[in-house]
Each structure stands twice: as C-alpha cells, then as structure tokens.
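# Structural overview
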Amino acid sequence: MSKPVLWLRCEKKVFERRAALTPTTAKKLIHAGFDIFVERDQQRIFDDFEYEAVGCKLVENNSWPTAPKDIPIIGLKELPVSTDPLPHTHIQFAHCYKKQADWSSVLARFHRGGGTLYDLEFLEDEKHRRVAAFGFHAGFTGAAAGALALAAHRKDEKLGKLEPYDNEANMISHVRGVLGGSGKGVKALVIGALGRCGRGAVDLFRKIGLAEDDILKWDLDETAKGGPFQEILDVDIFVNCIYLNSKIPSFVTRDQLVAAGMDRRLSVVVDVSCDTTNPYNPIPIYSINTTFSEPTVAVDLGPESPPLSVISIDHLPTLLPRESSEQFSSDLLPSLLLFPSRQSARVWTDAEKLFKEKLAEAVVAEGL
Ligand SMILES: NC(=O)c1ccc[n+]([C@@H]2O[C@H](COP(=O)([O-])OP(=O)(O)OC[C@H]3O[C@@H](n4cnc5c(N)ncnc54)[C@H](O)[C@@H]3O)[C@@H](O)[C@H]2O)c1
C-alpha cells in the first residue's frame, strides 16, 4: 500500500500567519507513516526550516495546483477568488456552507474539477462538537485586546493598531506592562465562560494578574434571569463569548448606559462572539466589526457619560498565530491520522456527505 500523503499549502489571505499543520503535528504524522509536503511560505509564523528539520519535503510557494491530483491539499483559510476548476481533495475552511458571499461559485470550482472539500468547520465528533476550533485563543486574545484598550482609556487615549505577537509570553508581558506591571485591581466579567472562547478569556485575565474574585464567570445559569444586567456596568471589561442560537434579552443596552451616566465602571466591551449583524445580537450598542488597524469603536452616549469602547474583531486568534495554530493542529491530529481511511472513518464520511449536499445546492444555484 502506498504511503499516505498531505500537502500543506501556503496561505494567501492577507495577515494570515496561522497554519493548519505545524512542525509538531507534521512530525507526528511523519512518525505515523505519512509523507508531508510543505510549501515554502514567508507569511507563516513557522519558519520553513522548522518543517524541514522534522522531515517534511519543502516545495515551492503556491505550487499545489501542479501537485499530483491524488495528493490531498491541506490549508487553513479560503483560496483566492478564481473560477479555476479544483480537481484535488482540499481540507480547509472554505466559508461556503452557510450561503456566505460567493458560496455557490466557490463550490462550483469543485464541481468543475471533480475535487472534494472537507471543510474544517464541519469536522465533528460523535456529539456534534467540532474536533478542532480556534475559540480558546479568540477569547484569550480578545481579553488581551480588551486589557490594552482599558490601559489606553486610562490615559485618555484610543487603542492603536494591533500586531500579531510572536508568542504568548510576549503578549502577556506587553499587556502587563501597559497596565503598569500587572492587571491586579482590574475587574472583568466573561459571559459564556464555560465555552472555548470563554475559557480562553478567563485564562488571559489570570495570566495578566487579575485576582480570581475579580474575574466574574457567567454562563447559562447566571444569565437565565434575563438582561440587561447591572453587573456588566460594574466591571472594567466585559467579554461576551456566548454561542448565540436563539433570541435572548439584551445583556446591555444603550438606554441602560445613558441612564447610568457617570455612575459606570465599564470601560471596554469585547464582543468575541461578534454577532454584529445578527438581529438577536445581545449587545445592541454597536453595529460594525472592528479591525486590527482600528480595534475599537466608540459608543456614542453623549457628554454626560464616560467613554466606552467596543472591540468586535472577527479573526482574533490571528493575534497569536503560533499558539493558536499549535492548539488547533493538535486537536485536528487524531482526525488527520484517520484520513487514510476516510472512506469509512465517521468524521470524514460525515464531512464528505455534507460536502455532497452543499455541492448539489450549488449546482442548482449556479445552473450547472
Ligand atoms: N471573534 C473571533 O475571532 C472568534 C473566533 C472563534 C469563535 N468566535 C465565536 O465565539 C462564539 C463562541 O464560540 P465557542 O467556540 O466558545 O462556543 P462554545 O459552544 O464552546 O461556548 C459557548 C458558551 O456560551 C454559553 N452560552 C450560550 N448562550 C448563553 C447565554 N444566553 N448566556 C450565557 N451563556 C451562554 C454556552 O453555555 C457555552 O458555554 C461563537 O459565536 C464563535 O463563532 C469568534
């Protein structure tokens, strides 16, 4: 039987420094008998030589279209827009199963080329939990951005551009530094604290030195009484990490904030969940997604209120590309080890079934 093979392609999305396979997971796959090809990529947080050192075969940047058709291509984010047929098997986030912009034209490329898409967002375990997700580091980095915005507020400044950190230690020491050495004395509330993002936010607050009693951890039990919640106004940073799937009362409202006037401690809201345009958004005090260049948007509450900023960046884990890639890739590893038996391994057969359903919808939508 021939050896299983994976081809790690480069990422073409601007600012994307994360990778679906890291040198750590590539090494484990090689030990399990895989051949791993890795495209050289200056953009990736991991250096090419880190892959070479563990036995990967380095190939030219963006050369996957010429790879033999039977080699599966693994990447992270969507491919650049094109109409070129896709004859390979691709493992990646394609963002085309929920009728996102251009969903049917993305799938049409697979139809034309005869390739298969295994979308990373839809690889699930038996309990329908995603096998790998970036949530933990979204909460972690979102909380860090919130702490940086608080420090800026304290100096009557606006938080400037955010840049990815080489590693977690650098991020922690930078955040501690701008807070004067430690986050001690800062009070934070995390809603959705039992989930992936929520656990990440709590972890960051601990690591920058908040006292345990100053990290309020709420989940379904605490919000069951229904908002809006005064408790949100009584902390410095509120981080929303819930998974929204139904209409719920707002957690905080503009009227509530205006009525509180100067009697408010809350300085920064980090909406990790980013249900910005969702009609059920439980934080209806802002209406845009913010960016790494402009990380905050001010909530206009009139002259009788202290400043309030919202951070609503929808790709937060990019701020910590090394650790978030390592965590994602190691969670993905058990499924990748099963990839050679993808005709029978449930995680892959389910993903292929979903692909075929979505492909059929796209064929109709595109009139193919
Ligand atoms: N901004 C980003 O960069 C980014 C990155 C990854 C994920 N996300 C988003 O973050 C959200 C959470 O993702 P996750 O992976 O942590 O989900 P998760 O399912 O692991 O956790 C969600 C948590 O929210 C809790 N929850 C749900 N409704 C609640 C309510 N009404 N009150 C209190 N708690 C409630 C759940 O009990 C659960 O503990 C998702 O919307 C996801 O799309 C954002």
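Here the residue index of a chain counts from 1 through its sequence in written order. Totals for whole chains, interfaces and linings use every residue, but because this is a predicted model, local features are given only for residues with pLDDT of at least 70 and side-chain atom pairs only at 80 or more, for both listing and counting.

- Labelled according to an unreviewed UniProt entry, the protein appears under the name Saccharopine dehydrogenase [NAD(+), L-lysine-forming], originating from Marasmius oreades.
- Recorded in UniProt under Sequence similarities (unreviewed entry), the annotation for the protein is "Belongs to the AlaDH/PNT family."
- On record in UniProt, under Pathway (unreviewed entry), the comment for the protein is "Amino-acid biosynthesis; L-lysine biosynthesis via AAA pathway; L-lysine from L-alpha-aminoadipate (fungal route): step 3/3." UniProt positions are given in the numbering used here, feature names are shortened, and annotations may be inferred rather than shown by experiment.

## Considering the overall build of the protein
- Helix numbers and strand numbers start at the N terminus; a helix is a DSSP run of H or I with at least 4 residues, a strand a run of E with at least 2. For the protein, the count of helices and strands is eleven helices and twelve strands.
- Across the 368 residues that make up the protein, the buried fraction comes to 43%. Exposed residues have 12 or fewer other C-beta atoms within 10 Å of their own C-beta, buried residues have 20 or more, and partly exposed residues fall in between, where C-beta atoms are placed from the backbone.

## Description of the sheet that holds strand β11 (residues 297-298)
- Two strands are said to pair when DSSP picks up at least two bridges between them. The sheet built from six strands is open, its strands ordered β8-β7-β9-β10-β12-β11 with mixed pairing. Edge positions in the sheet fall to β8 (215-218) and β11, since each has one partner strand and no second.
- Here four bridges tie strand β9 (residues 237-240) to strand β10 (residues 268-271), and the two strands are oriented parallel to one another. Note that in β10 the partner of Val-239 across the bridge is Val-270.
- Throughout, a pair of residues is in contact if the C-beta atoms placed from their backbones lie within 7 Å. Only C-alpha atoms enter the line fits that serve as axes; for helices the fit covers just the stretch in contact. Angles between N-to-C directions range over 0 to 180 degrees. In the packing of helix α4 (residues 135-154) onto the sheet, the strands contacted are β9, β10 and β12 (309-311), and the crossing angle to β10 comes to about 160°.

## What to know about the domain arrangement of the protein
- Annotation of the protein at the domain level lists domain 1 (5-132 + 321-366) and domain 2 (135-319).
- Domain extents, as shown, originate in an automatic or database domain assignment. For domain 1 and domain 2, the distance between their C-alpha centres works out to 32 Å.
- Taken together, the contacts link nine residues of domain 1 with nine residues of domain 2.
- Each residue is assigned to one class: nonpolar for Ala, Val, Leu, Ile, Met, Phe, Trp, Tyr, Cys and Pro, charged for Asp, Glu, Lys and Arg, and polar for all the others, Gly among them. Its residues assigned to classes, the side of domain 1 that touches domain 2 comprises two nonpolar, two polar and five charged.

## Observations concerning the packing of helix α1 (residues 23-31) against helix α10 (residues 321-337)
- Two elements in contact, α1 and α10, have axes whose closest approach is 9 Å; the angle formed by their N-to-C orientations is 20°. By the angle between their axes, α1 is roughly parallel relative to α10. As for how α1 packs across α10, the hand of that crossing is right-handed. Each of Thr-24, Thr-25, Lys-28 and Leu-29 in α1 lies in contact with α10, whose residues at this interface are Glu-326, Ser-329, Ser-330, Leu-333 and Leu-336. Put simply, angles under 35 degrees are roughly parallel, angles over 145 are roughly antiparallel, angles from 65 to 115 are roughly perpendicular, and the rest are oblique. Here a crossing is taken to be left-handed if its near helix is turned anticlockwise relative to the far helix by less than a right angle, and right-handed if that turn runs clockwise.

## Remarks on the site of the ligand
- By definition, a residue lies near a molecule or strand when the C-beta atom built from its backbone is within 6 Å of it. Residues in contact with the ligand amount to 26 residues; listed here are only the nearest, Gly-135, Ala-138, Gly-192, Gly-195 and Cys-197.
- Among the secondary structure elements, those contributing two or more residues to the shell around the ligand are α4, α6 (196-207) and α7 (220-223).
- For the shell around the ligand, the element with the highest residue contribution is α6, accounting for three residues.

## Considering the sheet that holds strand β3 (residues 57-59)
- Taken in spatial order, the six strands make up an open sheet running β3-β2-β1-β4-β5-β6, and their pairing is parallel. Looking at which strands have only one partner, the edges of the open sheet turn out to be β3 and β6 (116-119).
- With four bridges joining them, strand β5 (residues 89-92) and β6 adopt parallel strand pairing. Bridge pairing in β6 places His-90 opposite Leu-117.

## A few points about the pairing of strand β7 (residues 188-191)
- A two-sided burial pattern is seen for β7, the buried positions comprising Ala-188 and Val-190 on one face and Leu-189 and Ile-191 on the other.
- As paired strands, β7 and β8 are joined by four bridges and run parallel to one another. In the strand pairing of β8, Val-190 is matched with Lys-217.
- Every crossover in which the path from the first strand over the helix to the second runs clockwise, viewed with the strands pointing away from the viewer, is termed right-handed. In terms of handedness, the path from β7 via α6 over to β8 forms a crossover that is right-handed.
- As paired elements, β7 and β9 share four bridges and run parallel to each other. Residue pairing for β9: Ala-188 is matched across the bridge by Ile-237.

## Section: the nonpolar core
- Among the nonpolar cores identified, the biggest contains 101 residues, and Leu-8, Ala-147, Ala-188, Val-190, Ala-201, Ile-237 and Val-239 are the most heavily contacted of them.
- Considering every element that reaches this core, the biggest residue donor is α4, with twelve residues. The term nonpolar core refers to a set of buried Ala, Val, Leu, Ile, Met, Phe, Trp, Tyr and Cys residues connected through C-beta atoms within 7 Å.

## Some points on the packing of α4 against α6
- Contact geometry for α4 and α6: axes closest at 6 Å, N-to-C directions at 40°. As the angle between them shows, α4 and α6 are arranged oblique. You can see that α4 and α6 cross each other, and the crossing is right-handed. Of the residues in α6, those touching α4 at Gly-135, Phe-136, His-137, Ala-138, Gly-139, Phe-140, Gly-142, Ala-143 and Ala-144 are Arg-196, Cys-197, Gly-198, Arg-199, Gly-200, Ala-201, Asp-203, Leu-204 and Phe-205.

## Looking at the environment of Lys-27
- Within the fold, Lys-27 resides in helix α1.
- Lys-27 gets classed as partly exposed once you count the C-beta atoms within 10 Å, which come to 18.
- Taking the C-alpha atoms as reference, Lys-27 lies 59 Å from Glu-304; in sequence the two are 277 residues apart.
- Dropping the residues within four chain positions of it, Lys-27 is found in contact with Val-54 and Gly-55.

## Topic: α4
- By this rule the span expected of a helix is its residue count minus one, scaled by 1.5 Å. Taking 1.5 Å per residue as the helical rise, α4 with its 20 residues ought to reach 28 Å, and the 29 Å between its terminal C-alpha atoms agrees with that figure.
- Among the 20 residues in α4, 18 count as buried, and that is most of the element.
- Directly after α4, the chain includes Asp-156, whose backbone phi takes a positive value near 55°.

## What to know about α10
- For α10, built from 17 residues, the straight-helix expectation of 24 Å at 1.5 Å per residue is met to within 8% by its first-to-last C-alpha distance of 23 Å.
- In α10, a bend of some 30° at Asp-331 exceeds every other bend along the element, and Pro-334, a proline, comes one to four places later.
- Within α10, twelve of the 17 residues are buried, leaving the element largely enclosed by the surrounding structure.
- Turning to α10, its buried residues are Pro-321, Glu-323, Ser-324, Ser-325, Glu-326, Gln-327, Phe-328, Ser-329, Leu-332, Leu-333, Ser-335 and Leu-336.
- Where the residues of α10 are buried, they touch α1, α4, α5 (168-178) and α11 (346-366). A residue's bend is the angle separating two fitted axes: one through the seven residues that end there, the other through the seven that start there.

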